[in-house]
Structure formats: C-alpha cells, structure tokens
Amino acid sequence: MASSQTKGAARQGTPADGGKTFFGHPRGLATLFMTEMWERFSFYGMRALLVLYLIAGGPDAKAGSQGGGLELTQGNAVAIYSVYLAMVYLLAMPGGWFGDRVWGPRKTVAVAAGIIMAGHLALAVPGQATFFAGLALVALGSGLLKANISTMVGHLYDGPSDPRRDGGFTIFYMGINLGAFAAPLVIGTIGQQYSWHLGFALAAVGMGLGLIQFLVGTRHLSPRSSVVPTPLAVAERNAWLRKGLIWLAVAAVFYTVVVATGHWTLNWALVPITILGLIIPTGVLVRIKRDKELTPVEQTKVSGYIWFFVAAAVFWMIYDQGGSTMSAFGETKTADTIFGLHFPSSWFQSVNPLMVMALAPVFAWAWLALARRSREPGTMAKFALALLLIGASFFVFMVPMGMASDGAKVSPMWLVSIYLIQTMGELCLSPVGLSVTTKMAPAKYASQMMGVWFLAVTAGDCVTGLLSIAGVDLSGVGIIALEAAAAAAAGVAIYLSRKKVVRLMADVH
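Heads up: these notes are all about the structure in this document. (Residues numbered from 1 in each chain as written. Predicted model: local features only at pLDDT ≥ 70, side-chain atom pairs only at ≥ 80, totals over all residues. Heavy atoms only, no water.)

### Some thoughts on the overall build of the protein
What the protein contains, in helices and strands, is 17 helices and five strands. Against the 2.2 N^0.38 benchmark of 23 Å for 509 residues, the protein shows a C-alpha radius of gyration of 23 Å, consistent with a compact globule. C-alpha atoms of the protein, sized along the principal axes, occupy 65 × 55 × 50 Å. Taking all 509 residues of the protein together, the buried fraction comes to 51%. About 22,000 Å² of surface is accessible on the protein, with carbon and sulfur atoms providing 68% of the total. The centroid of the 35 positive side-chain charges in the protein is displaced by 9 Å from the centroid of its 23 negative side-chain charges. (Helix = DSSP H or I, 4+ residues; strand = E, 2+ residues; numbered from the N terminus. Rg over C-alpha atoms; globule rule 2.2 N^0.38 Å. Buried < 20%, exposed > 50% of the residue type's maximum accessible area, 1.4 Å probe, protein only. Areas by Shrake-Rupley, 256 points an atom, 1.4 Å probe, with all protein chains shown as cover. Lys, Arg positive; Asp, Glu negative; His and termini not counted. Charge placed at Lys NZ, Arg CZ, Asp CG, Glu CD.)

Next up, the structure:
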C-alpha cells in the first residue's frame, strides 16, 4: 500500500511517516479508510438483517424461512427501521459537537467504535430488551463516529487548497462502499441461513477489527485530531450535564409511570422519536434563518438552501426504503435463484454499493465532459433529475408488486433494476448536495451545516416512520404510487423554480 518517498509527504498538520504514503496520500488516510470500511461493514451487515429479523416468525415472514426473530408485522418493522436510521443521522450533529467541544475527534471516534461494538454484541444476545438496547447503542455510536472521522480525513491535508484533498475523500468514500458491499454477502448470509445472532456477532467482530486498526494507526494521524477545538468551560460543562440529567430523570419518571400503569406499547417510544426527528431539523433551519448576525446575502442563501433540504428529505424518504419495504419484498415475493445460483435476500443490499462504485466515476466523467462544453446541468436541474429518478424507481416497483399479487415470485432483476435507478438518482443528489451545502453555509455555521444536510435524511425517514406507525401499509401499490407521484411532482416543482432559487443562491454556482 505504501509507496516511496514523495515531496511534501510530511505536510503541515500531518505526522511525519518517513516519506511513506498511501497511494500518494498521507498514511493516516489508510488508517481512516480501514476504520470506516470496517465500521460500514458492521453497519450495513446489521442493516441488511434488521427488517428480516424483525419479521422472522411473524405473520409477514416468508413461508419456510428461519424463525427466531421478533415476529413483528412488516409495518412495525418498517417503523423501527426508519426510526433507527433517522436517529443515526440525527445524532451526527451532537456527535460533531462532542468532537468539537468535549473529547476531540480522535477520542470521540475511538469511544464511538467501542459503543458500536457493544451494540452489536447486545444484538447478538437473544431477547427483545437486548435487541432494542443494542439498536440504541449502534445508533449512538454511529452518530458519534460519522462527523468526526470525516473531520480527521480533512486534518490530513493542508486546508481546502491542498490538491490531494478531493482525491483523499474519494478514496475514503470507496472504503465506505467496499464495506457496504461486502457486509450483506458475509453477515447477511450467516445471519439469514444459520443464525441471526451469529450474524449480529460478526458485525461486532467487524467493528472490533476497525477499532484495532484505528488504535494501531493513530500515530499516522494529524496531531490536530487529538485537539478539542473549542473546549467547554467548566461552568458550561456543568450546565450541560445538569440539563442532561434533568431531562433523563423526566424521561425515566414518565416511562416508569407508563409501564407501571400497563399502558406501555412500542409506540410510546417510536412516536416521540419520529416527532422529534421532524421538529429538530425544522427548528435548526428556523434558528439559522432568524440569526440576526447573518449578512443579507447569507440570509438569502439560507432561504435558497431550504429548497435543497426539502427536496433531499423527499428523496431519502423513498431511497431508504431500499432496506425496509424493498427488503421485505425481496424476502417474501422475489425468487431467490438467478442463473441457477441460490442466494439469500439480504444480498440485494449489496447491489447499491456495487453500483455506486461502478457508476460514480462515470457520473464524475460525464459532469466534467459536459462542463467543458458549457452544458453541465445546474445544481437545481441535478436535484430535479434525482427526484424524477427516485419517483420513477417506485413507478417501476409497482410492476413487480402487481405481478406478485397472486402469490407468484418475480424475477430478482426487477429489484436490481429498481436499485439501479435509485443509485443513479443518488449520484445526482448526494455528492451535489454535500457540495452545495459547503458553498451556501453561512460563515458562522460552516461546520454545523454538514450536520444540517444529514438532518434531511432524518426528516425523510421520520415521515416514513410516522406513516408506518399510523398503520399505512407502505407495501401497498396505492401508497407506492402516491410516493412516486409526490417525488416526481417535487422534481418538476424544483425544475420550474430553478431560476428563483438560482437568484437566492447569489454567487454560488
């Protein structure tokens, strides 16, 4: 992996490594690449099993499939899955805050990896209580890790002007997709065909390997990753601790009363979380928009950014059902053989990361080629295309749903085709959204706006969660058609409003 000495290897803020590099990048990138790859391996492995485990043995499970799950209905399983994903992205904001103000990025990532590993081990213990405790720990650890490990990648370079920076993040992104691709093939197979809990235990092993890799390779990281940028003063720390303990005590008393009076159901946990997942993103955007310290131009950019935020929330609302609604369809109504090869339905979760790795370079080349001819679509046009594609994917989804209505099993290529369309939409929206977020962020909120972008995922998943909790059958053709139409309509609205939003974007192009 390491090459010979290159000029400027020991740049400002990066440790000296005797001239060795990782594909021409600081050696610390190899540490972070492997840590993130194993973390994503554990995360996507558990994600591939989650809905399948929740419905296993229940009324919506596949006939003859492995039992031993929580025997929930598909509606409840989708609600839990949606709330779980929403919390992962919601917790990315306080996770970044913890890295900035309490422990520093390096310590926060190490602690986060330990929490994630503990969560997967809890999932490996049979029982509903340990399952939900494990799910909460994985969500908490993932939120703590998400923002801080990306921050440490940035620390390896000499600021935004370092010509290696974009390439470094590209390599790092490949680690994410390598882990996401391999996880369903390994963890999914073991979990589905042998033991759910052994699968969850393998996810813990994956995160453990990532933690070991991180601790061994910390000497290659930038010294800045150990620094707490804006540490809390003692009085401020005590105030935060006091508020946290008060809210924890209030929640403990409230839920003790609910349980003691015999009123406890799962919705007492799911409903408050999904409502918070909608209130918090809205509140954060309103607070930034009303900040009187922003310049008039920054205020205008925030108004324009809200368009992108809402569009992204609609996109993720459908996209993230790839691991819930579509996963359940793949398990119960899709043939499990292709070209004579038998495979577990969890393998469908490897399709998206594989397509991302295959298509991302093609899209990057296409945008560059169009830019040379001054014909590259603008940011609004790319968002509109993403929404039209995600809507089209669900319009296509209606076809196999209709074919399977009489109990027949449909070809796996239907789901592969739908994931392909969704991946194309993702590549039009996700990297573009990250870029426009950094460009339109007010100076005061330069770091926090990346967390705001992740809150769009939270909002979209919370809408799905609330629909499931309310009893809406997300596997019905009618609701699938409604979601597809809503996404397509949002895409058309974005495109027709592009000139207005471009004016709000001011000098951002």
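Past the structure itself, the notes keep going.
### Here's the deal with the nonpolar core
Buried together is how nonpolar side chains tend to be arranged in soluble globular proteins. Counting 110 residues, the largest nonpolar core has Tyr 84 and Phe 397 as its most contacted members. Looking at this core, the element that brings in the most residues is helix H2 (residues 74-90), giving 13 residues. Membership of the second largest hydrophobic core comes to 25 residues, among which are Phe 22, Phe 33, Leu 211 and Phe 214. (Core = buried A, V, L, I, M, F, W, Y, C linked by side-chain atoms within 4.5 Å.)

### What to know about the side chain of His 120
By secondary structure assignment, the location of His 120 is in helix H4 (residues 105-123). On the accessibility criterion, His 120 (0% relative accessible area) is buried. The residues contacting His 120, other than those within four sequence positions of it, are Ser 42, Phe 43, Met 46, Val 138, Phe 200, Ala 203 and Ala 204. (Contact = heavy atoms within 4.5 Å.)

### A closer look at the packing of H2 against helix H3 (residues 92-101)
Interaxial distance between H2 and H3 falls to 5 Å at its minimum, and their mutual angle equals 30°. One way to sum up the angle between H2 and H3 is to call them roughly parallel. Of the residues in H3, those touching H2 at Val 88, Tyr 89 and Leu 90 are Ala 92, Met 93 and Pro 94. Class assignment of the residues belonging to the contact of H2 with H3 gives a composition of six nonpolar, no polar and no charged. (Axes fitted to C-alpha atoms, helices over the stretch in contact; angles between N-to-C directions. Parallel < 35°, antiparallel > 145°, perpendicular 65-115°, else oblique. Nonpolar A, V, L, I, M, F, W, Y, C, P; charged D, E, K, R; others polar.)

### Thoughts on the packing of aromatic side chains
Using the criterion set out here, one finds 24 aromatic pairs in the structure. Residues Tyr 53 and Trp 196 carry aromatic rings whose centres are separated by 5.9 Å and whose planes lie at 65° to one another, so their mutual orientation is edge-to-face. Here Tyr 53, found in helix H1 (residues 28-55), pairs with Trp 196, found in helix H7 (residues 196-217); they are 143 residues apart in sequence, far enough to count as distant. Given a relative accessible area of 5%, Trp 196 falls into the buried group. A centroid spacing of 5.1 Å and a plane angle of 80° characterise the contact between Phe 131 and Phe 132, whose relative ring orientation is edge-to-face. In this structure, Lys 243 packs its charged tip against the face of Trp 240, placed 5.7 Å from the ring centre. It is Arg 498 that lies over the ring of Tyr 495; its NZ or CZ is 3.9 Å from the centre. (Phe/Tyr/Trp six-rings, centres within 6.5 Å; stacked < 30°, edge-to-face > 60°. Lys NZ or Arg CZ within 6 Å of the ring centre and 35° of its normal.)

### What about the packing of H1 against H4?
It is at 11 Å that the axes of H1 and H4 come closest, and there the two elements cross at 30°. By the criterion of interaxial angle, the relationship of H1 to H4 is roughly parallel. The element H1 and its partner H4 pack so that their crossing is left-handed. Residues Glu 39, Ser 42, Phe 43 and Met 46 of H1 form the contact with H4, whose own contacting residues are Ile 116, His 120 and Leu 123. Residue composition of the contact of H1 with H4, by class: four nonpolar, two polar and one charged. (Left-handed = near helix turned anticlockwise from the far one by under 90°.)

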